[in-house]
Number of protein chains: 2
Amino acid sequence: LLDNADVAKVFPSDVQDRAKKLLEDVGSVGAYSHSKGAASIRQDVADFIEERDGHATDPEMIYLTAGASAGVQLLLSVVVSSSKVGIMIPIPQYPLYSAALAFNNAHAVRYELDSQHDWAVDVPGMSKIVDEERSKGVDVRACVVINPGNPTGSCLSEENIRDILKMAYEKKLIVMADEVYQTNIYKPEELPFISFRKVLKDFAKSSNEADKKIADAVELVSFHSISKGVSGECGRRGGYFELTNMSADVEAQIYKMASVNLCPSISGQIGVDMLVKPPKEGEPSYKLWKEETDAIHATLMERSRKMASKFNELEGISCGEAQGALYLFPEITLPKKALEKAKEEKREPDLYYCLRMLDATGICVVPGSGFGKMASDDGKVFL
Amino acid sequence: LLDNADVAKVFPSDVQDRAKKLLEDVGSVGAYSHSKGAASIRQDVADFIEERDGHATDPEMIYLTAGASAGVQLLLSVVVSSSKVGIMIPIPQYPLYSAALAFNNAHAVRYELDSQHDWAVDVPGMSKIVDEERSKGVDVRACVVINPGNPTGSCLSEENIRDILKMAYEKKLIVMADEVYQTNIYKPEELPFISFRKVLKDFAKSSNEADKKIADAVELVSFHSISKGVSGECGRRGGYFELTNMSADVEAQIYKMASVNLCPSISGQIGVDMLVKPPKEGEPSYKLWKEETDAIHATLMERSRKMASKFNELEGISCGEAQGALYLFPEITLPKKALEKAKEEKREPDLYYCLRMLDATGICVVPGSGFGKMASDDGKVFL
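Because the structure is predicted, anything quoted here is derived from the model rather than measured.

Novice: With reference to specific residues and values, describe the overall build of chain A.
Specialist: Secondary structure assignment for chain A yields 14 helices and 11 strands. Relative to the globule expectation of 21 Å for 383 residues, the C-alpha radius of gyration of chain A, 22 Å, shows essentially globular dimensions. Counting only C-alpha atoms, chain A reaches 70 × 50 × 40 Å along its principal axes. Burial statistics for chain A: of 383 residues in total, 51% are counted as buried. Counting only contacts in chain A whose residues sit at least 6 apart along the sequence, the fraction spanning at least 24 positions is 69%. Accessible surface, chain A as shown: approximately 18,000 Å² in total, 53% of it carbon and sulfur. Positive and negative side-chain charges of chain A, numbering 45 and 57 respectively, have mean locations separated by a distance of 4 Å.

This is the structure in structure tokens:
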């Protein structure tokens, strides 16, 4: 077999140390782990969250998953108990949410993101929707927020997040924060990534006594993944969710559901460990890791900026500046005749446009209506 | 980096060739595959099935999954459309089934395996249960069969399988065949593993015209896994299911559900490839593979036989001979006083026995009622 010198040719010493530690803590990649995921990896996730947010967290409230999608589906299956239940989803949205809600026979309660203000969440508007839906008998229980936004590429401000949490407190909503793009931030000075959990726990420092209560009251589930960001290891199926302030009863059900699934793949779990505990400055593999992740981040940002600026040069197209995630969601004003033609063909105007583009250029794009964002009456559509 | 001579120290040439082929066909383990799983691996599964059964199959009807459990859950979620739906499960059963049915709000329609006849399926009894449940308004749609049996350790005879399929044809039931223990066969001459699919497709050769129809009529889902058998790579989360005669409408829904889950972990998929395409005689890694798998198989069989014979030496315990899977399900006759005491404590008699054993010896065993097998009136319980 290989001797130490051979191994050193491939793996720097800190990588070997990490492998040994994982082997000791987790054991074989071929055996089941704890259904929540290996304890030592959940501890590393807890350390990562504490360092990121400045608030300690409990590794028992962290569940490793086969990607964020598996976590979202598990949570929705627990929260939706009947077809009367409604879950708020942003429009435009990532289609996982509408699919999972359709599967669970639940109401998708739509709230529109504000395309005129960098796709911010219109919190008073949301609050109104909760009241309206509840008055119609819909049991609105939770609200999904995607930050950074998929497919909008927006980053929510701290103020916007604070308002959402206040509203969730008043309306007794669980907040489901999809934060899988938290490393894709393109304006770190102006719009850094701030987790919902940090903003929630910061309420405890408020001078306002009423606000203080919010910190320990709002039930929050935060999702993260190794599939996105600069990691992009989607084929390994790794991710986690963290429960904050979750009622013990509900947590017990979540644990039961996780147990039915036995455990997420161990190599996906190890992927999570790499994500939350990258090489540290001074360690032998740090330089290469830093170069590679910086280069990937720079490329993604560069592409996103270039695309946005090119979109804005085109006639009839306007596109917000890239703030984060991997996405741009350009707006296109279609001429009246195109709208008429689409109507004639009984197609959504944006789908009509996409099909015409496909025929004319061979370029395949997805209509905004696929993300739930329909054309406005004056012919504005999104792609 | 390592040169070829170094690599050859660790990996025989056929292993290197396989890795290169997988890299070429599947690409990175870090990227999503097709939602059904990588095409080349599904082709290898199809080849394996054809060689095993003597009937060709279509790789498009094979779905790779994160273990058999994930496949079972996906299938049940598609088959169960309302709380009126009933799915037949064997008693004793593997608790995944009752849990998944409870989750889907469906009826678990129980059929008892025959403990007096090596846990065979009592097909006329089953048929009667279908009629009874349907007359009560339960929409009995499918029937789960676990062969080799978990937790019974039984192997179904070809005749028994044929009768089950005939009954499924007459009663229009989907058959869900959990065949994850197909390599754990301890009496290969008397009771070899025969897949439900082979028996189903063999109906086409029948001299009876009516029986011939069965081959292309009964909807069958067959499950396999890398977690069991002599492979035991459960932490990698790999498995597959194969659809036979499935209606195109239902198959489209299954495909949609698989797509929502994106794809199973690539390393789990590669595990499936290893399972269905082990080293061939003459290849450099064959000898080691053969030695290791034979040794594991022999150890499992040896342990199972030894346990059965020891159980049968104990007073009040009787246990069927080990036929397959990893399990024995010994029967214990409890004295009258123990039954009375259990009643006093308001516990199932087998649970009472298990707790007393734990207190007295420190040995922790699971009561048969945990698998749905309750005590008989004359004090017979199972562990």
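Moving on from the model shown.
Novice: Requested: an account of empty space enclosed by the protein, with residues and values cited.
Specialist: Summed over the entire model, instances satisfying the criterion amount to 6 cavities of 30 Å³ or more. Its volume calculated, the largest cavity comes out at about 1,000 Å³. Around the largest cavity sit 45 residues that line it, and Ala-70 and Asn-261 of chain A together with Ala-70, Gln-73 and Asn-261 of chain B are the ones nearest its centre. For the lining of the largest cavity, the elements supplying multiple residues, two or more each, are β1 (62-65), α4 (67-79), α5 (96-103) and α10 (248-260) of chain A together with β1 (62-65), α4 (67-79), α5 (96-103) and α10 (248-260) of chain B. Of the residues in the lining of the largest cavity, the class split is 25 nonpolar, 18 polar and 2 charged.

Novice: Quick rundown of the packing of helix α2 (residues 13-26) of chain A against helix α11 (residues 266-276) of chain A? Include the residues and the values.
Specialist: All names here are of chain A. Their axes nearest at 12 Å, the elements α2 and α11 cross at an angle of 130°. Relative to α11, the element α2 lies oblique. With respect to the hand of their crossing, α2 and α11 are arranged in right-handed fashion. Across the interface between the two elements, Arg-18, Leu-22 and Val-26 from α2 touch Ile-266, Ile-270, Asp-273 and Met-274 from α11. By residue class, the composition of the contact of α2 with α11 is 5 nonpolar, no polar and 2 charged.

Novice: Give me the lowdown on the nonpolar core, citing residues and values where you can.
Specialist: All names here are of chain A. If you look at the biggest cluster of nonpolar residues, it comprises 35 residues, and the most contacted ones within it are Met-88, Leu-165 and Phe-196. Looking at this core, the elements that each hand over two or more residues are β3 (107-114), α6 (123-135), β5 (139-146), α7 (158-171), β6 (174-178) and α8 (196-202). Here this core takes 5 residues from α7, the largest share from any one element. With residues near it in sequence (within four places) discarded, Leu-165 still touches Val-175, Phe-196, Val-199, Leu-200, Phe-203, Ile-214 and Val-218.

Novice: With reference to specific residues and values, describe the relation of the copies chain B and chain A.
Specialist: When chain B is brought onto chain A, the operation consists of a screw motion whose angular component is 180° and whose axial shift is 0.0 Å, with 0.0 Å RMSD remaining. Between the two chains, the operation in question is that of a two-fold axis. Mapped onto chain A, 100% of the interface residues of chain B again fall at the interface, so both copies present the same surface.

Novice: An account of the packing of α4 of chain B against α10 of chain B is requested, with residue identities and associated values reported.
Specialist: Residues and elements named next belong to chain B. Taken N-terminus to C-terminus, the directions of α4 and α10 make an angle of 130°; their axes are 10 Å apart at the nearest point. Here α4 lies oblique to α10, going by the angle between them. Of the two elements, α4 crosses α10, and the hand of that crossing is right-handed. Contacts between α4 and α10 pair Leu-74, Leu-75, Ser-77 and Val-78 from the former with Val-250, Gln-253, Ile-254, Met-257 and Ala-258 from the latter. Across the contact of α4 with α10, the residue classes tally to 7 nonpolar, 2 polar and no charged.

Novice: Got a sec to walk through the interface of chain B and chain A? Specific residues and values, please.
Specialist: Between chain B and chain A, the residue contacts involve 33 residues of the former and 33 residues of the latter. Each partner contributes to the roughly 2,700 Å² buried at the junction of chain B and chain A, and carbon and sulfur atoms together form 60% of this total. Connecting chain B to chain A are 2 salt bridges. For the interface between chain B and chain A, the tally reads 15 residue pairs in polar contact (both at pLDDT 80 or more). Put simply, the parts of the chain that give the side of chain B that touches chain A at least two residues each are α1 (4-10), α4, α5, α10 and α11 (266-276) of chain B. Here the residues of the side of chain B that touches chain A sort into 17 nonpolar, 10 polar and 6 charged.

Novice: Let's hear about the packing of aromatic side chains: which residues, and what values?
Specialist: Aromatic ring pairs are described here by two measures, namely the spacing of the ring centres and the angle between the planes. What the rule picks out here adds up to 18 aromatic pairs over all chains. Feature note: the residues Tyr-63, Phe-223, Phe-241 and Tyr-255 of chain A constitute an aromatic cluster, connected by ring pairs. The side chain of Lys-36 of chain B reaches across the aromatic face of Tyr-255 of chain B, ending 4.8 Å from its centre.

Novice: With reference to specific residues and values, describe the layout of surface pockets.
Specialist: Here the second largest pocket defines a volume of roughly 930 Å³. Every residue lining the second largest pocket is counted, 31 residues in all, and those nearest its centre are Phe-103, Asn-104 and Asn-105 of chain A together with Phe-103 and Asn-104 of chain B. The set of elements that each furnish at least two residues to the lining of the second largest pocket consists of α4, α5 and α10 of chain A together with α4, α5 and α10 of chain B. At 4 residues, α10 of chain B tops the list of elements feeding residues into the lining of the second largest pocket. Partitioned by chemical class, the residues of the lining of the second largest pocket number 14 nonpolar, 14 polar and 3 charged.

Novice: So what about the pattern of salt bridges? Which residues, and what values?
Specialist: Going through the model one piece at a time under the given rule, you end up with 59 salt bridges over all chains. One salt bridge connects Asp-273 of chain A with Arg-18 of chain A, and the closest N-O pair in it is separated by 3.3 Å. Placement of the pair is Asp-273 of chain A in helix α11 and Arg-18 of chain A in helix α2, with a sequence separation of 255 residues. For Glu-112 of chain B, the salt bridge identified is with Lys-373 of chain B, shortest N-O distance 2.8 Å. One end of the pair, Glu-112 of chain B, is in strand β3 (residues 107-114); the other, Lys-373 of chain B, is in the loop between α14 (349-361) and β11 (380-382), and 261 residues separate them in sequence. Taken together, the salt bridges that share partners define one network made up of Asp-6 and Lys-9 of chain A together with Asp-6 and Lys-9 of chain B.

Novice: Outline the environment of Gly-137 of chain A, listing residues and values.
Specialist: Positionally, Gly-137 of chain A belongs in the loop between α6 and β5. Sequence separation between Gly-137 of chain A and Arg-110 of chain A is 27 residues, and the spatial gap between their C-alpha atoms is 16 Å.

Parameters and conventions
Residues numbered from 1 in each chain as written. Chains lettered and ligands numbered in written order. Predicted model: local features only at pLDDT ≥ 70, side-chain atom pairs only at ≥ 80, totals over all residues. Heavy atoms only, no water. Helix = DSSP H or I, 4+ residues; strand = E, 2+ residues; numbered from the N terminus. Rg over C-alpha atoms; globule rule 2.2 N^0.38 Å. Buried < 20%, exposed > 50% of the residue type's maximum accessible area, 1.4 Å probe, protein only. Contact = heavy atoms within 4.5 Å. Areas by Shrake-Rupley, 256 points an atom, 1.4 Å probe, with all protein chains shown as cover. Lys, Arg positive; Asp, Glu negative; His and termini not counted. Charge placed at Lys NZ, Arg CZ, Asp CG, Glu CD. 1 Å grid on protein atoms, 1.4 Å probe; cavity = no way out; pocket = protein on both sides within 12 Å on 5 of 7 lines; lining within 4 Å. Points joined across faces, edges and corners; volume = space filled by probe spheres on them. Nonpolar A, V, L, I, M, F, W, Y, C, P; charged D, E, K, R; others polar. Axes fitted to C-alpha atoms, helices over the stretch in contact; angles between N-to-C directions. Parallel < 35°, antiparallel > 145°, perpendicular 65-115°, else oblique. Left-handed = near helix turned anticlockwise from the far one by under 90°. Core = buried A, V, L, I, M, F, W, Y, C linked by side-chain atoms within 4.5 Å. Least-squares fit on C-alpha atoms with pLDDT ≥ 70 in both. Buried area = accessible area lost by both parts, 1.4 Å probe. Salt bridge = Lys/Arg side-chain N within 4 Å of Asp/Glu carboxyl O. Polar contact = N/O pair within 3.5 Å; in protein donor to acceptor, adjacent residues only side chain to side chain. Phe/Tyr/Trp six-rings, centres within 6.5 Å; stacked < 30°, edge-to-face > 60°. Lys NZ or Arg CZ within 6 Å of the ring centre and 35° of its normal.

Interpretation in functional terms is not warranted from these geometric data alone.
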